[in-house]
Amino acid sequence: MNPIFPYPEFDYSKVDIDTPYYIIDRALIRRNMEILADVRKRTGARILLALKAFSTWGVFDEISPYIDGVAASSLNEARLGLDYFGKGKEIHVYSPAYSLDEMKAICKIADHIVFNSLDQWKRFRPIVEDAPKKIQIGLRINPEYSEVQLEIYNPCTTRSRFGVPLEGLIDAGVNALDGIDGFHFHTMCQQGSDVLQRTVQVVCERFEKYFASLKWINFGGGHHITRRGYDINRLCRIITDFQQKYNLEVILEPGETHVLHTGFLVATVLDVIENPNGIDVLIVDTSASAHMPDVLEMPYTPEILGARLNVDDYESPLDEGGYKYIIGSKTCLSGDIIGDYTFNHPIKIGDRLVFEDMSQYTTCKNTTFNGIRLPSIVSCDSQVEGGLFRVHRQFDYNDFRNRLS
Ligand SMILES: *Cc1c(COP(=O)(O)O)cnc(C)c1O
């Protein structure tokens, strides 16, 4: 059993289709949704799904009833939210910059639009105010405070393009926030409520003089609320204290947390490369680069159900006498290695491996690099008799060809 999370006793590799496939467990999504619904109920905060992290609309029916709407980062995501997230749900849009055509189209469907700069707001204000319905306008601020260590995920570096820093608002003068209804900041990544607490403190210290003219504030994403050990009571306290003190509505727009630990990527071992000088290498019919890009981008090593990660400085009892393998991908990129693992039995050609936590930043981010087939998309429900397996989509040569010309 996986050491980091209790999964149901359920065989995700038994689906009778070719690998690779992603399989999303609806029961596990509902488990996360109960947690988010509880936060909503206790605080009155609005919670959105950031579609950037997860836009596999075939299971939106499990998410939509529990939350307030979606946070889109483009016109396409906004349209997807409108088409598939359910009636009466809010569409919030933020993008580092909008084009004129994009703004015209977004104004027809968005409830909230967040601008990254005062110039963009000024430029598009006439279009927004011409829209058939009143749109709430937000401004992304840059608190210049982030505890994210990795440069690629840190929006507050000196080279940042995200949001208006305090100085920018001061320079813009007394009417800087004319027409603006709310603030938006996003400075976290997979973090706990302790980080949020320190971040909110900085935001208040720097920006609270502007709060009186606002209606709401969006605390962005990066909140790992459904992770085991996350301090939910503290999150609720931060939100309620903030709302009481400033009389502003609070919005959260995480993406990853909705589907954390709800999905798997099932692959088949195609070959075992014996390595007389070291650890044998398994080649699987999937790819870190093409099907789980964050493995290389973040980087991190995904867990495999029934196996252990080999971490250099950590010898688990299982490593003793276990069967060690390096798992490599089916692409021609040398660095397309998924990781080092120990199994308690030898692995042979044809075995299926189940990579875990594969819902977020995978289906919405994969590629057809090397022309390798995209994994099918499957859902199941481990709480329902028979597992309710459903194959939503299988990909073939045409999907590869049709993105090109
Ligand atoms: C990426 C992003 C999110 C979602 O982040 P998660 O880490 O998936 O929770 C929310 N808001 C903005 C502006 C983002 O860029």
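Residue numbers restart at each chain and count upward from 1, following the sequence in its written direction. Side-chain atom pairs in this predicted model are given and counted only at pLDDT of 80 or more, local residue features only at pLDDT of at least 70, and totals for whole chains, interfaces and linings cover all residues. Excluding hydrogens and water, the side-chain figures rest on all heavy atoms present in the structure.

## Here's the deal with the overall build of the chain
Now for step 1: A tally of regular secondary structure across the chain gives 12 helices and 17 strands.
Now for step 2: Within these notes, the globule rule equals 2.2 Å times the number of residues to the 0.38 power, and the radius of gyration is based on C-alpha atoms. Relative to the 2.2 N^0.38 estimate, which gives 22 Å for 405 residues, the radius of gyration of the chain is 23 Å and therefore close to what a compact globule would have.
Now for step 3: Projected onto its principal axes, the C-alpha coordinates of the chain cover approximately 70 × 45 × 45 Å.
Now for step 4: Among the 405 residues that make up the chain, the fraction classed as buried is 55%.
Now for step 5: Contacts: residue pairs with any heavy atoms within 4.5 Å of one another. The contacts in the chain between residues at least 6 apart in sequence include a share of 68% that link residues at least 24 apart.
Now for step 6: Surface summary for the chain: the accessible area is close to 18800 Å², and the carbon and sulfur share equals 49%.
Now for step 7: For this count, His and the chain ends are skipped, Lys and Arg are scored as positive, and Asp and Glu as negative. Every charge is mapped to an atom, namely NZ of Lys, CZ of Arg, CG of Asp or CD of Glu. For the chain, the distance from the average site of its 42 positive side-chain charges to the average site of its 55 negative ones is 6 Å. We count a stretch as a helix when DSSP gives it H or I for four or more residues in a row; a strand needs E for two or more, and each element gets its number in order from the N terminus. Only protein chains enter the area calculation, which uses a 1.4 Å probe; residues under 20% of their type maximum are buried, those over 50% are exposed, and those in between are partly exposed. Values of accessible area rely on a 1.4 Å probe in the Shrake-Rupley scheme; residue burial ignores everything except the protein chains shown.

## Observations regarding the site of the ligand
Now for step 1: Whether a residue is near a molecule or strand depends on its heavy atoms: if one lies within 4 Å, it is near. In the vicinity of the ligand there are 14 residues, among which K52, G222, E253, G255 and Y361 approach most closely.
Now for step 2: Pairs of N or O atoms are called polar contacts if they sit within 3.5 Å, as long as, within protein, a hydrogen donor faces a hydrogen acceptor (for residues adjacent in sequence, only side-chain-to-side-chain pairs). One of the backbone N or O atoms of G222 is found 2.8 Å from an oxygen atom in the ligand.
Now for step 3: One of the side-chain nitrogen or oxygen atoms of Y361 is found 2.7 Å away from an oxygen atom of the ligand.
Now for step 4: Within the complex, the protein chains bury 88% of what would otherwise be the 390 Å² of accessible surface of the ligand.
Now for step 5: As a working rule, the residues Ala, Val, Leu, Ile, Met, Phe, Trp, Tyr, Cys and Pro are called nonpolar, Asp, Glu, Lys and Arg charged, and the rest polar, with Gly in that last group. Considering only residue class, the shell around the ligand consists of 5 nonpolar, 5 polar and 4 charged.

## Comments concerning a nonpolar patch on the surface
Now for step 1: A contiguous nonpolar patch, built from L296, L333 and F369 and spanning about 230 Å² of accessible area, is present on the exposed surface.
Now for step 2: Positionally, F369 belongs in the loop between β15 (352–356) and β16 (376–380).
Now for step 3: Assessed through its relative accessible area of 35%, F369 is described here as partly exposed. Only residues whose relative accessible area exceeds 30% and that form no salt bridge enter a patch; like-charged residues are grouped when within 9 Å of one another, and nonpolar side chains (Val, Leu, Ile, Met, Phe, Trp, Tyr) when within 5 Å. Criterion for a salt bridge: a side-chain nitrogen of Lys or Arg within 4 Å of a carboxyl oxygen of Asp or Glu.

## With respect to the domain arrangement of the chain
Now for step 1: When its domains are assigned, the chain resolves into domain 1 (44–259) and domain 2 (263–358 + 366–402).
Now for step 2: When each unit is reduced to the centre of its C-alpha atoms, the spacing between domain 1 and domain 2 is 34 Å.
Now for step 3: Each partner contributes residues to the interface: domain 1 has 9 residues there, and domain 2 has 7 residues.
Now for step 4: The term buried area denotes the loss of accessible surface (1.4 Å probe radius) that occurs when two parts are joined, taken as the sum for both partners. Summed over both partners, the interface of domain 1 with domain 2 comes to about 600 Å²; 56% of that surface belongs to carbon and sulfur atoms.
Now for step 5: Between the two partners, domain 1 and domain 2, sit 0 salt bridges.
Now for step 6: At the boundary of domain 1 with domain 2, the tally comes to 0 residue pairs in polar contact (both at pLDDT 80 or more). Residue ranges for the domains trace back to a domain assignment, done automatically or taken from a database.

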